[in-house]
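Residue-level structure breakdown
One letter stands for each residue in the lines below.
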Amino acid sequence: MATRAKVMKHLMQTAFPKRKEIKPQIREAAKKTKWNILRGDTVQVVERKHPEYGKQGIVTLVDRKRDRVVVEGVNTAPKHIKPNPDQGRLGRTVVRERSMHYSNVNLVDPVTGLPTRVGRKMLEDGSKVRVAKKSGAIIPRPEILLKRRRPQSMAVTDSCTSDADAVWEVTYQP
C-alpha cells in the first residue's frame, strides 16, 4: 500500500506541478507607486536593531522590485569569490555593500542634517518637489540622476547615399 501511495503522489506532482509562489515582499513592493528615496540621496539608518544604526551614506542603487536600497559604506559584508584556474583568476574575499529594506533608512534633512520623513508639494511654477517634514526645506533631486547610468552609444555609421535625391530612389522591384 505504501508503494502505491508513493507512485500516486509522484504521478500527481508530475501532472500538476506546484505553482511558483510570489514572495510577500515582492507583492508588497508591486503595490508602491511613489518613491521618496532616489539614487544619489543622502540617507541615515533609522532601524534601532540594525548594527549600523545612525550611520549616514549615499544611495548607490534602488531596487524597486524588492523595496530595497544599497547605501555606500553601510551594511558591508565579505563576499567570497571562487577561483577559476581556467581563466587564471585567483579566489579572494571582497567587502561589498549589501542591500537593506527601504523602511530602515530615512532621507537626511538638508538643513538640520537629521533624518526626516518626506512630503510632496506643488510650487507656483507647477513643479512637484520633495519637502522635509521637520524643517519644511525643499529636498532637491540628486544631480547624478541627470546623467545616464549607461551612456548612449556614440557609434557613427557612414551613409551609403551622399545626396538627398538618391535616398528616395526605388531600388527594390518585386
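Rules behind the numbers
Residues numbered from 1 in each chain as written. Predicted model: local features only at pLDDT ≥ 70, side-chain atom pairs only at ≥ 80, totals over all residues. Heavy atoms only, no water. Helix = DSSP H or I, 4+ residues; strand = E, 2+ residues; numbered from the N terminus. Buried < 20%, exposed > 50% of the residue type's maximum accessible area, 1.4 Å probe, protein only. Contact = heavy atoms within 4.5 Å. Lys, Arg positive; Asp, Glu negative; His and termini not counted. Salt bridge = Lys/Arg side-chain N within 4 Å of Asp/Glu carboxyl O. Pairing = 2+ DSSP bridges. Expected span 1.5 Å × (residues − 1). Phe/Tyr/Trp six-rings, centres within 6.5 Å; stacked < 30°, edge-to-face > 60°. Lys NZ or Arg CZ within 6 Å of the ring centre and 35° of its normal.

1. A short note on the environment of Gln44
Looking at the element boundaries, Gln44 is found in strand 1 (residues 42-45). Given a relative accessible area of 13%, Gln44 falls into the buried group. Apart from the residues within four sequence positions on either side, Gln44 is in contact with Gly54, Lys55, Gln56, Asn104, Val105, Asn106, Val108, Gly113 and Pro115.

2. Regarding the side chain of Arg39
Secondary-structure assignment places Arg39 in the loop between helix 2 (24-31) and strand 1. Within the buried core, Arg39 has no salt-bridge partner, and the shortest N-O distance to an opposite charge, that of Asp41, equals 9.9 Å. Residues in contact with Arg39, not counting those within four places in the same chain, are Val59, Thr60, Val62, Pro142, Ile144, Leu145, Lys147 and Arg149.

3. Concerning the sheet that holds strand 11 (residues 138-139)
The antiparallel open sheet is built from three strands, whose spatial order is 9-10-11. On the outer flanks of this sheet lie strand 9 (118-122) and strand 11, each paired with one strand and no other. Pairing of strand 9 with strand 10 (residues 128-132), which is carried by five bridges, proceeds in the antiparallel orientation. Bridge pairing in strand 10 links Met122 to Lys128.

4. So, helix 1 (residues 2-15)
An ideal rise of 1.5 Å per residue puts 20 Å on 14 residues; helix 1 measures up with 20 Å between its terminal C-alpha atoms. Among the 14 residues in helix 1, zero count as buried, and that is only a small part of the element.

5. Section: the packing of aromatic side chains
Per the stated rule, a full pass over the model turns up one aromatic pair. When the centroid spacing of 5.3 Å and the interplanar angle of 45 degrees are considered together, the rings of Trp35 and Tyr102 count as tilted. In this pair, Trp35 sits in the loop between helix 2 and strand 1 while Tyr102 sits in the loop between strand 6 (99-101) and strand 7 (105-108), placing the two residues 67 residues apart along the sequence. Of the residues examined, Tyr102 reaches a relative accessible area of 24% and is grouped as partly exposed. The positively charged end of Lys32 is found above the aromatic ring belonging to Trp35, 5.2 Å away from the centroid.

6. Points about the pairing of strand 1
In the sheet, strand 1 pairs with strand 2 (residues 56-63) via three bridges, with the strands oriented antiparallel. Across the sheet, the residue bridging to Thr42 is Ile58, located in strand 2. Summarising the sheet, strand 1 and strand 7 pair through three bridges and their orientation is antiparallel. Counted as the bridge partner of Val45 is Val105 from strand 7.

7. Structural notes on the pattern of salt bridges
Going through the model one piece at a time under the given rule, you end up with four salt bridges. Here Lys55 and Glu52 are joined by a salt bridge, their closest N and O atoms 3.5 Å apart. Given the relative accessible area of 40%, Lys55 is considered partly exposed. The exposure class assigned to Glu52 is buried, which follows from its relative accessible area of 17%.

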